[in-house]
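# Architecture at a glance
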Amino acid sequence: MRAAAAGGRSISLSLWLRLLKTHNLILRDLRRAMAAQGITMPRFEVLAQLAREPGGLTSRELARRLLVSAGNLTGIVAHLESEGLVRREVIARDRRSHRIVLTPEGRRLASRLISRHRRDIDRVLRPVAPATQERLRSLLGGILSVLEPPGSLGNRTQGDHHAREAE
């Protein structure tokens with residue numbers, strides 16, 4: 001039986017609730033910051049993932065990285081395409097499939113937004129001491145190594161636009 005936390009809840013439930021609350025508080029602030037830039041978080045996340053892959057990604061690859069269904073991406077990609085930020089390119093070896101790639105305008109916007117996003121994350125987490133951030137990062141890394149299935153995308157998942165720096 002799991003050890004009980006205060007109030008009779010299990011430690012794992014308490015941990016889950018704290019992770020959710022922390023995530024939601026940070027995300028609320030980051031959504032506001034993105035809205036001030038005139039973009040939603042889902043659109044930003046698509047742009048950020050595509051910025052990491054100059055050759056683009058298929059809808060399936062993009063959906064896996066963002067942890068959403070390909071159907072969920074359809075409207076977001078269509079909107080970004082109508083704004084001239086992405087384009088769909090047919091894959092030569094499979095004419096039924098396509099890759100989603102950033103246009104030059106999309107690449108410029110993604111670069112600007114990613115830089116801004118990094119500053120916003122630094123601002124939101126500034127009150128947390130650097131040593132605490134490092135300790136938490138290490139502890140969460142241990143949890144991820146236990147929970148992530150072998151061969152998964154690892155750090156290339158939703159909202160992790162700077163995985164190469166974070167590893």
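Residues numbered from 1 in each chain as written. Predicted model: local features only at pLDDT ≥ 70, side-chain atom pairs only at ≥ 80, totals over all residues. Heavy atoms only, no water.

### Comments concerning the overall build of the chain
- Looking only at helices and strands, the chain has 7 helices and 3 strands in total.
- Traced from its N-terminal end to its C-terminal end, the chain shows the element sequence α-α-β-α-α-β-β-α-α-α.
- Going through the 167 residues of the chain one by one, you find that 29% of them count as buried.
- Considering only residue pairs separated by 6 or more positions, the chain has 54% of its internal contacts joining residues 24 or more positions apart.
- Put simply, the chain shows about 10900 Å² of open surface, and 56% of that area lies on carbon and sulfur atoms. (Helix = DSSP H or I, 4+ residues; strand = E, 2+ residues; numbered from the N terminus. Buried < 20%, exposed > 50% of the residue type's maximum accessible area, 1.4 Å probe, protein only. Contact = heavy atoms within 4.5 Å. Areas by Shrake-Rupley, 256 points an atom, 1.4 Å probe, with all protein chains shown as cover.)

### Focus: the pairing of strand 3 (residues 94–102)
- Looking at chain direction, strand 1 (residues 57–58) and strand 3 are connected through 2 bridges and run antiparallel. Of the residues in strand 3, the one forming a bridge with Thr58 is Arg99.
- Sheet analysis places strand 2 (residues 86–91) next to strand 3, joined by 6 bridges and oriented antiparallel. Bridge pairing in strand 3 places Arg87 opposite Val101.
- Hairpin remark: strand 2 followed by strand 3, antiparallel, with 2 residues in the connecting loop. (Pairing = 2+ DSSP bridges.)

### Here we look at the confidence of the model for the chain
- Confidence in the prediction of the chain, expressed as mean pLDDT, is 87, and 84% of residues score 70 or more.
- Contacts from residues 155–167, a stretch scored under 50 in pLDDT, to residues over four places away or in other chains number 33 contacts. (pLDDT = per-residue confidence, 0-100.)

### Some thoughts on the environment of Phe44
- Checked against the element boundaries, Phe44 lands in helix 2 (residues 41–51).
- Separated by 36 residues in sequence, Phe44 and Leu80 place their C-alpha atoms 9.9 Å apart.

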